There are 2 protein chains.
Amino acid sequence: MKTTVPKKLFQKAEKLIKDKSLSVTEPRKNILAFLLKNHGPFSMEEIHDGLGKNACDLATVYRCIVLFENSNLVERRYLGDEILRYEYKDMDHHHHHIVCRICKSVSKMKYCFISEIEQMIRDKGYSDITHSLEFFGVCAKCNQK
Amino acid sequence: MKTTVPKKLFQKAEKLIKDKSLSVTEPRKNILAFLLKNHGPFSMEEIHDGLGKNACDLATVYRCIVLFENSNLVERRYLGDEILRYEYKDMDHHHHHIVCRICKSVSKMKYCFISEIEQMIRDKGYSDITHSLEFFGVCAKCNQK
DNA sequence: AATTTTTTGCAAATAATTTGCATTAATTCT
DNA sequence: AGAATTAATGCAAATTATTTGCAAAAAATT
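Keep in mind it's a predicted model, so treat the numbers as computed, not measured.

Our focus in this paragraph is the overall build of chain A. In terms of helices and strands, chain A carries six helices and five strands. The helix and strand sequence of chain A, counted from the amino end, reads α-α-α-α-β-β-β-β-α-β-α. If you line up chain A on its principal axes, its C-alpha atoms span 50 × 40 × 25 Å. Excluding contacts between residues fewer than 6 apart, the proportion of contacts in chain A whose partners are at least 24 apart in sequence is 50%.

See the structure below:
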């Protein structure tokens, strides 16, 4: 991954962090800017590598991602293997993923109509309902082989 | 957990294992019977403990569960924390879960109408589609406190 | 600019999962 | 059914992933 991140995204990252009243540090800016640039989701290691070596310690990635997750800036994804991955949580673009079981490619799915189910759950007395929805399959390319 | 498992379930477990042409061993029977008796889903440790001490080694639980998963006898669940859990995969009773974010209680949800989405994904060239769908919220009890 | 508070890097600790291998158990083959 | 073969298990050790303590560095506050 390891791509150059435009200055604009650093500024956006900085603003997002500030708006959550978190202190703005180099590692945090780098990590969030990386996630703004690249859709992911990425594992901790992938994020660490993506920043380029010596950007910050892996332990710092763990700490920042957990912080971002608690601040609702980052969303954790479970994609069927044992690795947890993270991506920027864009409130305006709720979506899910389709993961190929063979090549592990991930493609975005913007459709999601489970609000009816959520309403049912709300009727049972639950509040603050969220969901996790991912699809798995064998993609067209892998089917050809 | 650690409940006594009726003989009938041991026999059912044995049959299920045999039908997948896997060798039938004590640990495998115990583990599957435990999952037939208790809904779960359970972590590796919970399964191990549930069998009663000295039933088999924890490493054996890992090996058996992975085997069962590959044979489609057991289903892996991601419930929002970092622990993966497993339950018996009853082909006739596809379902999902609602997890309370506070007390972690898990309740079953038999509703699932995402076949339309799966069709869309199929149209994109994917095959063998499955999905993972879990809901999270704060349950009625926890809301009272 | 100085002080206080928070975060980071590094190393070490912990926890989770996997593996090698000798032993034991299950299956297969007379 | 019993011997031979194959596969699974237990145990310990190795590996991997994640977390933590603490001194140093950086950010926020004054």
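Now that the structure is up, let's keep going.
Residue and element names in this part refer to chain A. Taken as a whole, chain A is organised into domain 1 (1–90) and domain 2 (94–145). In this complex, domain 1 contributes eight residues to the contact, which on the side of domain 2 involves nine residues. Carbon and sulfur atoms supply 55% of the area buried between domain 1 and domain 2, which totals about 700 Å² over both sides. Between domain 1 and domain 2 we count one salt bridge in total. Close ionic contact of Glu-134 with Arg-77 constitutes a salt bridge, the shortest N to O distance being 2.8 Å. On the surface where domain 1 and domain 2 come into contact, there are five residue pairs in polar contact (both at pLDDT 80 or more). Classifying every residue of the side of domain 1 that touches domain 2 gives three nonpolar, two polar and three charged.

In this section: the pattern of salt bridges. Residue and element names in this part refer to chain B. Within the structure shown, the criterion is met by 22 salt bridges over all chains. We note a salt bridge from Glu-14 to Lys-29, for which the minimum N-O separation is 3.9 Å. Highlighted residues: Glu-14 in helix 1 (residues 7–19) and Lys-29 in helix 2 (residues 26–37), separated in sequence by 15 residues. A relative accessible area of 16% places Lys-29 in the buried class. A salt bridge links Arg-77 to Glu-87, with the nearest nitrogen and oxygen atoms 3.1 Å apart. In this pair, Arg-77 is assigned in strand 1 (residues 74–78) and Glu-87 in strand 2 (residues 84–88), connecting sequence segments ten residues apart.

Another point: the interface of chain B and chain A. Chain B puts 37 residues into the contact, and the matching count from chain A is 38 residues. Remark: the boundary between chain B and chain A carries two salt bridges. Linking B:Glu82 and A:Arg76 is a salt bridge whose minimum nitrogen-to-oxygen distance equals 3.4 Å. Ranked by the residues each element gives to the side of chain B that touches chain A, the list is headed by strand 5 (residues 127–138) of chain B, at twelve residues. Of the residues belonging to the side of chain B that touches chain A, the class tally is 18 nonpolar, nine polar and ten charged. Both strand 5 (residues 127–138) of chain A and strand 5 of chain B contribute to a ladder of nine bridges, which runs antiparallel. Bridging across to strand 5 of chain B, A:Val138 finds its partner in B:Ser127.

Right, let's talk about the packing of helix 2 (residues 26–37) of chain A against helix 4 (residues 58–70) of chain A for a bit. All names here are of chain A. Here helix 2 crosses helix 4 at 70°, and the two axes come no closer than 10 Å. When the axes of helix 2 and helix 4 are compared, the pair comes out roughly perpendicular. As for how helix 2 packs across helix 4, the hand of that crossing is right-handed. When helix 2 is examined against helix 4, the residues Pro-27, Arg-28, Ile-31, Leu-32 and Leu-35 are found in contact with a partner set consisting of Thr-60, Val-61, Cys-64, Ile-65, Leu-67 and Phe-68.

Definitions and cut-offs
Residues numbered from 1 in each chain as written. Chains lettered and ligands numbered in written order. Predicted model: local features only at pLDDT ≥ 70, side-chain atom pairs only at ≥ 80, totals over all residues. Heavy atoms only, no water. Helix = DSSP H or I, 4+ residues; strand = E, 2+ residues; numbered from the N terminus. Contact = heavy atoms within 4.5 Å. Domains from an automatic or database assignment. Buried area = accessible area lost by both parts, 1.4 Å probe. Salt bridge = Lys/Arg side-chain N within 4 Å of Asp/Glu carboxyl O. Polar contact = N/O pair within 3.5 Å; in protein donor to acceptor, adjacent residues only side chain to side chain. Nonpolar A, V, L, I, M, F, W, Y, C, P; charged D, E, K, R; others polar. Buried < 20%, exposed > 50% of the residue type's maximum accessible area, 1.4 Å probe, protein only. Pairing = 2+ DSSP bridges. Axes fitted to C-alpha atoms, helices over the stretch in contact; angles between N-to-C directions. Parallel < 35°, antiparallel > 145°, perpendicular 65-115°, else oblique. Left-handed = near helix turned anticlockwise from the far one by under 90°.

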